[in-house]
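Examination of the molecular architecture
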Amino acid sequence: MSNSARPRRRILVGVGGGIAAYKVCSVIRHFTEAGHEVRVVPTEAALRFVGAATFEALSGHPVSTDVFDDVDQVAHVRLGQGADLVVVAPATADLMARAASGRADDLLTASLLTVRCPVLFVPAMHTEMWDHPATAANVATLRAHGATVMTPASGRLTGTDSGPGRLPDPQEISLIGELLLERPDALPYDLAGVRVVISAGGTREPLDPVRFLGNHSSGKQGFALARAAAQRGATVTVVAGSTADPGDPAGVEIVRVATAEQLAVEMTKRSAESDVVIMAAAVADFRPVAVADAKIKKGQDGPAPIELTTNPDILRGLVESRMAGQIPAETVIVGFAAETGDETGGVLDHGRAKLARKGCDLLVVNAVGDGKAFGTEDNTGWLLSANGAETALPLGSKTLMSSRILDEVRALVPDGRGA
Ligand code: CTP
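Residues numbered from 1 in each chain as written. Predicted model: local features only at pLDDT ≥ 70, side-chain atom pairs only at ≥ 80, totals over all residues. Heavy atoms only, no water.

In terms of regular secondary structure, the protein chain is built from 13 helices and 19 strands. For 419 residues, the compact-globule estimate of 2.2 N^0.38 gives 22 Å, and the C-alpha radius of gyration of the protein chain, at 24 Å, lies within 12% of that figure. For the protein chain, the spread of C-alpha atoms along the three principal axes comes to 80 × 55 × 45 Å. For the protein chain, restricting intrachain contacts to residue pairs at least 6 apart in sequence, the fraction spanning at least 24 positions comes to 68%. (Helix = DSSP H or I, 4+ residues; strand = E, 2+ residues; numbered from the N terminus. Rg over C-alpha atoms; globule rule 2.2 N^0.38 Å. Contact = heavy atoms within 4.5 Å.)

Structure below.
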């Protein structure tokens, strides 16, 4: 389903008084371009960073900060009750403290008390403020009240410092917002303390210094899983081959590899210290026997045949390592299957056979070919479990599919792991 086919929803964007307020203009633009009705409610402090005219032009509606503006329209009640989603960004330490304690001293906090829809706080502040126990307590309170509080990105902050506290990429905020519109309960904070390693993207097998054998994988599904797992509190590492995803997920460690053998080394090493292992990468089954040191020339006699050898089956290898005790027995292992179906069976038949062959706990089966799955924004398929359960994954964003996969994963993670 393309964005244009998604229903038009009402989104309230609350803007806090932080330097990252200017980045929120891109989030507002994304939502309006996706066809949503956006109302912007800045705080007084936000307007010291970005002028009201900018928010009015981007949303197409007047903005005000005070409950005493347009009193006849009872704006704080009308805006809150009418919203399908509230996004508060940047959520400063002060704004979250006021929201957590139920204050209603401006239009934004008053509106937050009247909303009944999903609320997404997107923190941005200096690392010391984010790490402060008062902020941590306020974040925990907001989560306990049912809000989603995003994990901030790590990186350069205002000034010379760097660390956790950076506003996540506007595109990522939009993706998470769209996910909460698709499924309001998509991001429970239920994976805190759970260590997840995910492979994503395609591998590249070099032929010579300029050429490689690769595939169409964009890494979008693996990154979407990483995003959703991190926002549910997990400690996430992505081992990424080639990807076309617009940005690295916030709060996720990314390890870059090129070939299947490099991917195997990283996944094997990290799986031993993980509670959940997800093989979403499109791994090349074969690689050239020899890699030429110099560029291969056309020559007089046409192309020389490329001799190939088989790559390790990483997923099967991880399951065998678990059987051999090198990976803890309770580690949950998830595979993906990209199938087209053929004369020997349909997509689901091939998926069932692959689940048995690989021996993993869950297998996500995608239909591919004809533009399906590779590089697209949406996905559909089935989730097959080693215990025989089969769940249809309805068409939706890759982030939505990720949230459903993580629900099943969460049920398999032993009690005592995570929060
Ligand atoms: N996979 C892997 N190592 C490989 C090939 C695939 O770990 N050398 C993993 C993929 O990451 C995915 C699962 O195995 O989780 C299934 O990948 P897929 O390409 O669908 O299957 P193949 O194992 O290549 O089997 P077939 O060629 O028979 O479809």
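Turning to the site of the ligand, a few remarks are in order. For the ligand, the set of nearby residues contains 15 residues, the closest of which are Met279, Ala281, Leu315, Lys354 and Lys358. In this structure, a nitrogen atom belonging to the ligand sits 2.9 Å away from a main-chain N or O atom of proline 312. Contact distances for the ligand include 2.7 Å between an oxygen atom and a backbone N or O atom of leucine 315. The fraction of the free accessible surface of the ligand (570 Å²) that becomes covered by protein chains is 77%. When residues in the shell around the ligand are grouped by element, the largest group, four residues, is from strand β16 (residues 332–339). (Near = heavy atom within 4 Å. Polar contact = N/O pair within 3.5 Å; in protein donor to acceptor, adjacent residues only side chain to side chain. Areas by Shrake-Rupley, 256 points an atom, 1.4 Å probe, with all protein chains shown as cover.)

With that settled, the discussion passes to the nonpolar core. Counting residues in each nonpolar core, the largest one holds 63 residues, and the members touching the most others are Val87, Ile198, Val236, Val238 and Ile405. Inspection of this core shows a minimum of three residues originating in each of domain 1 (10–182) and domain 2 (195–412). Isoleucine 405 has contacts with Leu225, Phe336, Val364, Leu383 and Leu393, leaving out every residue within four places of it along the chain. Counting 26 residues, the second largest nonpolar core, distinct from the first, contains Ala75, Val88, Leu112 and Trp130. (Core = buried A, V, L, I, M, F, W, Y, C linked by side-chain atoms within 4.5 Å. Buried < 20%, exposed > 50% of the residue type's maximum accessible area, 1.4 Å probe, protein only. Domains from an automatic or database assignment.)

Take the packing of helix α1 (residues 21–33) against helix α2 (residues 52–59) next. When two helices pack together, their arrangement is given by the angle between the helix axes and the distance between those axes. Running from N to C, α1 and α2 point in directions that differ by 20°, and their axes come no closer than 9 Å. Classified by the interaxial angle, the pair formed by α1 and α2 is roughly parallel. In the crossing of α1 with α2, the sense of the turn from one axis to the other is right-handed. In contact with Cys25, Ile28, Arg29 and Thr32 of α1, α2 contributes Thr54, Phe55, Leu58 and Ser59. Taken together, the residues of the contact of α1 with α2 break down into four nonpolar, three polar and one charged. (Axes fitted to C-alpha atoms, helices over the stretch in contact; angles between N-to-C directions. Parallel < 35°, antiparallel > 145°, perpendicular 65-115°, else oblique. Left-handed = near helix turned anticlockwise from the far one by under 90°. Nonpolar A, V, L, I, M, F, W, Y, C, P; charged D, E, K, R; others polar.)

A cis amide bond links alanine 89 to the next residue, proline 90, at an omega of -10°. Tracing the backbone through its elements, the reader meets proline 90 in strand β3 (residues 85–91).

Strand order in the open sheet formed by five strands is β2-β1-β3-β4-β5, with parallel pairing between adjacent strands. In the strand order of this sheet, the two ends are held by β2 (37–42) and β5 (148–149), each with one partner. The pairing of strand β1 (residues 10–15) with β2 spans six bridges and is parallel. Bridge assignment links valine 13 to a residue of β2, and that residue is valine 40. Across the sheet, helix α4 (residues 93–100) lies against β3, β4 (119–123) and β5, angled at about 140° from β3, the strand it touches most. (Pairing = 2+ DSSP bridges.)

The next point concerns the pairing of strand β13 (residues 276–279). On any regular strand, side chains alternate: one points to one face of the sheet, the next to the other face. Neither face of β13 is left uncovered, since the one carrying Val276 and Ile278 and the one carrying Val277 and Met279 both have all their residues buried. Two elements, strand β8 (residues 195–200) and β13, share four bridges in a ladder whose sense is parallel. Each residue of the ladder has a partner; that of valine 196, found in β13, is valine 276.

Topologically, isoleucine 327 is positioned in the loop between α11 (314–323) and β16. As a C-alpha pair, isoleucine 327 and histidine 30 span 297 residues in sequence and 43 Å in three-dimensional space.

Nothing here speaks to function; it is all geometry.
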